[in-house]
Amino acid sequence: MAKVVVQFTCSECGATAGRWLGRCPGCGAFGTLVEELHGADGRAASGAPRTPERLGDVQVSEAARLGTGVPELDRVLGGGLVPASLVLVGGEPGVGKSTLLLSALGAIARSGRSALLVTGEESVAQVRLRADRLGGADDVSILAETELESVCATLERDRPAVCVIDSVQTLYAGELGSAPGSVAQVREAASRLLRVAKTSGVATVLVGHVTKDGAVAGPRVLEHLVDCVLQFEGDRYHAHRVLRATKNRFGSTNELGVFEMTAAGLVGVPDPSALFGATRGGEVGAAVAVALEGTRPILLEIQALVSRTDLAMPRRVGTGVDPKRLAMIVAVLGRHGGVPLGSADVFVNVAGGVRIDEPGADLAVALAIASAARGAPLHDGVASFGEIGLTGRLRPAAQAERRLEECAKLGVTRAVVPEGTDARREGPRLVRAETVREALRAALAEAAGGREEGAREAALSA
Ligand SMILES: Nc1ncnc2c1ncn2[C@@H]1O[C@H](COP(=O)(O)OP(=O)(O)OP(=O)(O)O)[C@@H](O)[C@H]1O
Ligand SMILES: [Mg+2]
């Protein structure tokens, strides 16, 4: 029988201490240390020296990626699941994690590879009901089991190509005293499954619940442990869901998958620009941004509302935009754009529940706010991109060419862009602006001041 060790682990940073402390010695958070029991085996050094290999001599069996049959999921993963990897999928309750992964398992099974679903949350019959709704998941193997030891033993024996554990919080290791879902249990389950995934070559997907503040429940250690962390986001009350990678050892973390929840399951939206970038001409406070999500340009409608306030600290509320970025844009508009907002509340919203974390969308946010503040709509068919600097000058955005391509595809007729942006042969007419003020003049359908003065236009269509 292995010796059992008691230790206290921080649920935020994973630091350990030999006794309970009110404040974590690692990250300084209060009240985050929790008791953990674990066997000392495996962790104690067995002591025999080993010979390291020369990296160049390491044999690589070309690990082909496993397509999941869900193109949006494959893209976010960086081209499919990597065999023997561990992926964590987080998301709020009811967002559609089980639905997405069951569709993927169904497609994998249909392509002739073995797919196993370990369900601890729903009964086999409940999953069957979902499978009937989705269709095409008949060949998926299913196991209702929460005992970690049995799950690992099954994986080692059957070696399925892909295994989904729904959810990691329901797994239970008997030798640990704590309840399922506790920090110790979740961590033990993940590290044990990691070992099994690596040794048996099973691509393992863990479903994890998300706490109120958006973190995957359990220790942050889990995020360090796994190869890939996917977040499934979106409003339960809207049909659209966005899948993104927050960590990916085998690909970019910037890719985005968009889904629509329908009665027949989650349907991929291959062209989110058409969905999120559609504006109604003449609407005050709306602007179209050409943002970049990884390698993928996407048109997004930005909406803004500006209203007078008596608050000493006017509100700047952004949904889908970084609050610091928003505060900066509001300040630049006031100082350099001739749009004073000192006694106004500013609300900004990005369509479709998408979150922008790219400075190339600055200009569209500024245009939407200016449009709302002045009560003047943007010209019809205008989109924009460009980073705003603190001096009010516009900086060229990365991958302008790809953004313009997307504009051309979606019938944008005019693009307001920073000076120095190269034109394409086809596509929208470019209106180059050096400063925020020039961009406002070029984009807003306002009579005052002659609207295109200052902004140099280049008509570039063939
Ligand atoms: N017949 C249906 N038509 C349309 N949407 C449905 C239907 N049945 C279920 N849904 C949607 O599926 C969602 C539940 O999906 P799912 O069970 O995959 O979520 P989950 O993320 O696994 O949740 P949990 O964290 O509770 O396990 C619900 O929010 C609901 O919107
Ligand atoms: Mg579920």
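Residues numbered from 1 in each chain as written. Chains lettered and ligands numbered in written order. Predicted model: local features only at pLDDT ≥ 70, side-chain atom pairs only at ≥ 80, totals over all residues. Heavy atoms only, no water.

A. Local environment of the overall build of the protein. In terms of regular secondary structure, the protein is built from eleven helices and 22 strands. Looking at the protein as a whole, 50% of its 462 residues qualify as buried. In the protein, once contacts between residues fewer than 6 apart in sequence are set aside, the share between residues at least 24 apart is 66%. Counting every atom, the protein has about 21,400 Å² of accessible surface; 52% of that belongs to carbon and sulfur. (Helix = DSSP H or I, 4+ residues; strand = E, 2+ residues; numbered from the N terminus. Buried < 20%, exposed > 50% of the residue type's maximum accessible area, 1.4 Å probe, protein only. Contact = heavy atoms within 4.5 Å. Areas by Shrake-Rupley, 256 points an atom, 1.4 Å probe, with all protein chains shown as cover.)

B. Looking closely at the site of ligand 1. With respect to spatial proximity, 15 residues lie near ligand 1, and among them G94, K97, S98, T99 and R130 are the closest. A distance of 2.8 Å separates an oxygen atom of ligand 1 from a polar backbone atom of K97. Interatomic distance of 3.3 Å between a side-chain N/O atom of R133 and a nitrogen atom of ligand 1. Here ligand 1 has 640 Å² of accessible area as a free molecule, and 66% of this is covered by the chains. Where the shell around ligand 1 is concerned, the elements lending two or more residues are helix 2 (97-110), helix 3 (124-134) and strand 11 (256-262). No other element matches the three residues that helix 2 contributes to the shell around ligand 1. For the shell around ligand 1, the residue count by class is four nonpolar, six polar and five charged. (Near = heavy atom within 4 Å. Polar contact = N/O pair within 3.5 Å; in protein donor to acceptor, adjacent residues only side chain to side chain. Nonpolar A, V, L, I, M, F, W, Y, C, P; charged D, E, K, R; others polar.)

C. Spotlight on the packing of helix 9 (residues 362-374) against helix 11 (residues 436-443). Viewed as axis vectors pointing N to C, helix 9 and helix 11 meet at an angle of 65°, and their least axial separation amounts to 10 Å. Considering the relative orientation of helix 9 and helix 11, their crossing is right-handed. Residue-level inspection shows L363, A366, L367, A370 and R374 of helix 9 in contact with helix 11, the latter providing A439, L440 and A443. For the contact of helix 9 with helix 11, the per-class residue count stands at seven nonpolar, no polar and one charged. (Axes fitted to C-alpha atoms, helices over the stretch in contact; angles between N-to-C directions. Left-handed = near helix turned anticlockwise from the far one by under 90°.)

D. How the structure looks around a nonpolar patch on the surface. A surface patch of nonpolar side chains, about 330 Å² in accessible area, is lined by L55, V58 and V60. You can see L55 is positioned in the loop between strand 3 (33-39) and helix 1 (71-77). Taking the relative accessible area as the measure of exposure, L55 reaches 73% and is therefore exposed. (Patch = residues over 30% accessible without salt bridge, like charges linked within 9 Å, V, L, I, M, F, W, Y side chains within 5 Å. Salt bridge = Lys/Arg side-chain N within 4 Å of Asp/Glu carboxyl O.)

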